[in-house]
Each structure stands twice: as C-alpha cells, then as structure tokens.
Amino acid sequence: MVKSKQIKMNTRPTVAKFILSGGILLLLILALFGIAVGAADINLSTVWDALFHYNSTDTEHQIIRSLRVPRVIADMAIGAAFAVAGAIMQGITRNPLADSGLLGLNAGSTFMVAICFAFMPWLSYNYLILFSFVGAAIGAFLVFGVSSIAGSAMSPTRLVLAGAAVSSLLTALSEGLAIYFQLSQDLAFWYAGGVAGVKWSQLAAMWPWLLGALIAAILLSKSITILSLGDDIAVGLGEKTTFVKIASMVVVLILAGLAVSVVGPVGFIGLIVPHLVRFLVGVDYRWIIPCSAVVGAFLTLAADIVARTINPPYETPISVIFALIGVPFFLYVARKERRNL
C-alpha cells in the first residue's frame, strides 16, 4: 500500500499529458521543417503542395515524396523504437544504464545483417527484419550469459562491461565479414547510422512490427511499473514476473532489431530518453512508455536535421550526434549509480 501511494506521489500525469499533446504537435511542426531542409532547401509552401496537391512532373515534389517524407517518418519510427526499448529494459532490469546499444542488442542485429549480406544477398527487407530480431536476441543472450558467469547478482556495471565486450566481438565479426566478402560499401550505411536511403517499401514492411510492439509495450506498462519496484514486491502484488520479463524482452528485441535494420547500430537514444522522461513524468511506466516514444521520435528527428545541416552538402551520421550527447550522459549516470551503491 505504501509503495502504491509512493508511485502515485511520484507520478505527474498532467506533465505527461502535456508532453503527449504538445509533443505530438511540435513533432508535426518539426517534421514539416525536416522535409524542407536538406542539400537543397525547399519552401514550406512547396512542401505543403507536395503533400496535399502532388504534381508528379514537379522535381521538388518528387524529391519530397520519394526521399524526404520516408526519411522523416523513419527518423520518428526508429527514435520511438529505441527509446521505448530502452525504457522497458531499464524497467524490467532496474538498471539505469540499460540501453539496446550498451547491452549488445544493436551489435547483434548488425552482425546478422552482415551475415545476410554475405550469404543471402537475395533476401527481401521483410526477412532482413526477422534476422535482425534474431541478432538482437543473440546479443542479449551473450551479454546476460557473460555477466552471470560469476554466479552472483548482475550489477549494472557488470552488464555494461559485458555489453561492451560482446558488442566489440560482434562488431569485429561483422567487419571481418564485410572485408572478406567485400561488403564494406553495403554495410557502411548501417555502421554510420543514417536514414538517407529509406524507401517506402521498407516503411511498409516495418510499420506492422513497430505498431504491434508499441501496443504490446503499453499493455505491459502497468506490470513493468510493478516489476520496477523489485521481484519480491511484484510477486507479492500477484504479478507473473517471469511472463512479464519474457514478454517485455520479446518487445525489446522486436523494437531494437527493427530500428537497427533501418538505421544501423545507433546508441544512447534508449539511455537518454527514458531518464529524461522519468525526470519529467515520474516513475509510472504507463506514462513513461508513450512519452518516451514521442520524445524519442522528436530527438531523433532533430538530430537528423542537425546532421544534415551542420556540414552541408555532406551529412554527419546521427550516431555521431547522439554519441556527443550520450557519452557524457552515460558517464554522469554511471557516476551517480556508483555513489548509490
């Protein structure tokens, strides 16, 4: 009862509702701006005409419809996926350093993409997504296996160290495949982390998975909130902890694998966004998960706009943008966690 009251006191639904409503509005405005800017800037009036009065003979309309709109949608999709995956991981593991990139999922997905390019280059994007899920599962299995070898409880620091080791191994294997099979150019897109080449066919293939995973995450959000209090408390409140953990990890694997199959192994989105959202809305995952999706989509789209405009006409990988923010943030969280031990 005390814990229930504490959750209620530490939750700010008014702020969460404002983030959801105001954030979606700001996201739509930023999306229009993201469509307009690029190697060749386009007027917002032209963007509006291309969206609602499309002229197939207009070159700018073609650029907007075939290149920039899919790119903006992909930015929002992968930002939401990475952010929600990070929020779920931090909730079920009670590890403030949990992130799909730090815990090996991104590297595992990239490794499987490299295998597909090397041995099964004929695969369609639908199958590439499935193999990316498998790769994320392999990365997670290896990280949790390595971190539990000593037999004692898995501390956040041990998980991150295991994640760094496994990620280095899988990345080295991916690069070895790329060199041996001469795939460097094909894999450069994933290593750099960019959405410049996203096509409508890719978006059509990923949306059912993304929508299903986000709905599942919201349905699990109440149980994740209880689980974040500790296994003993969750069991005492009647939660089926094993089922919740397995279901949550399946959702995480889908989200992380999906995002990596589109943009590559971009890290730190799933680390930064959940911390920021928890600071704003409190500890209830019924608000954290949807707000993380909105904030993650917004930050990723903003990062991609910065990446396009910081050094024109060249593009800076968005993985670099997030690394510049994420590394100091990671060090801050790690230092704070160490003081709390």
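Worth saying up front: this structure is predicted, and the values here are computed from it rather than measured.

### Focus: unusual backbone geometry
A positive phi angle, close to 55°, is found at Arg 94, a residue other than glycine. With respect to the secondary-structure elements, Arg 94 resides in the loop between helix H4 (59–93) and helix H5 (105–119). Positioned with a positive phi, Phe 268 is a non-glycine residue whose angle comes to about 80°. Within the fold, Phe 268 resides in the loop between helix H11 (241–263) and helix H12 (269–281). Assessed through its relative accessible area of 15%, Phe 268 is described here as buried.

### Here's the deal with the pattern of salt bridges
One side chain can pair with another of opposite charge once the charged atoms of both are near each other. Taken as a whole, this structure holds five salt bridges when the rule is applied. Residue Asp 304 is joined to Arg 71 by a salt bridge in which the shortest nitrogen-to-oxygen separation is 2.9 Å. Of this pair, Asp 304 sits in helix H13 (residues 285–309) while Arg 71 sits in helix H4; the two residues are 233 residues apart in sequence, bridging distant segments of the chain. Given a relative accessible area of 8%, Arg 71 falls into the buried group. Here Asp 231 and Arg 94 are joined by a salt bridge, their closest N and O atoms 3.5 Å apart. A residue pair is termed long-range when its members are at least 10 positions apart, and Asp 231 in helix H10 (residues 231–236) and Arg 94 in the loop between H4 and H5 qualify at 137 residues.

### With respect to the nonpolar core
Ile 88, Leu 105 and Leu 255 are the most contacted members of the largest nonpolar core, which totals 83 residues. If one sorts the elements of this core by residue count, H11 sits on top with 14 residues. The contact partners of Ile 88, leaving out residues within four places of it in the chain, are Ala 217, Ile 224, Ser 248, Val 251, Val 252 and Ile 289. The next biggest cluster of nonpolar side chains, apart from the first, holds 16 residues, and it includes Val 69, Val 72, Met 76 and Ala 297.

### Some remarks on the UniProt feature "transmembrane region" (unreviewed entry) in the chain
Within this numbering scheme, the UniProt entry marks residues 72–89, 101–122, 128–147, 159–181, 207–229, 250–273 and 318–335 as carrying the feature "transmembrane region" (unreviewed entry). The straight-line gap between the two end C-alpha atoms of residues 207–229 is 32 Å; of that span, 91% is helix and 0% is strand. A distance of 26 Å separates the end C-alpha atoms of residues 318–335, which is 100% helix and 0% strand.

### Looking at the packing of helix H9 (residues 200–227) against H11
At a minimum axis distance of 9 Å, the contact between H9 and H11 shows a crossing angle of 145°. The two elements H9 and H11 cross, and the hand of that crossing is left-handed. On H11, the residues touching Met 206, Trp 209, Leu 210, Ala 213, Leu 214, Ala 216, Ala 217, Leu 220, Ser 223, Ile 224 and Leu 227 of H9 are Thr 241, Val 244, Lys 245, Ala 247, Ser 248, Val 251, Ile 254, Leu 255, Leu 258 and Val 262. Residue classes in the contact of H9 with H11 are distributed as 17 nonpolar, three polar and one charged.

About the criteria used
Residues numbered from 1 in each chain as written. Predicted model: local features only at pLDDT ≥ 70, side-chain atom pairs only at ≥ 80, totals over all residues. Heavy atoms only, no water. Helix = DSSP H or I, 4+ residues; strand = E, 2+ residues; numbered from the N terminus. Buried < 20%, exposed > 50% of the residue type's maximum accessible area, 1.4 Å probe, protein only. Salt bridge = Lys/Arg side-chain N within 4 Å of Asp/Glu carboxyl O. Core = buried A, V, L, I, M, F, W, Y, C linked by side-chain atoms within 4.5 Å. Contact = heavy atoms within 4.5 Å. UniProt positions renumbered as here; feature names shortened; annotations may be inferred. Axes fitted to C-alpha atoms, helices over the stretch in contact; angles between N-to-C directions. Left-handed = near helix turned anticlockwise from the far one by under 90°. Nonpolar A, V, L, I, M, F, W, Y, C, P; charged D, E, K, R; others polar.

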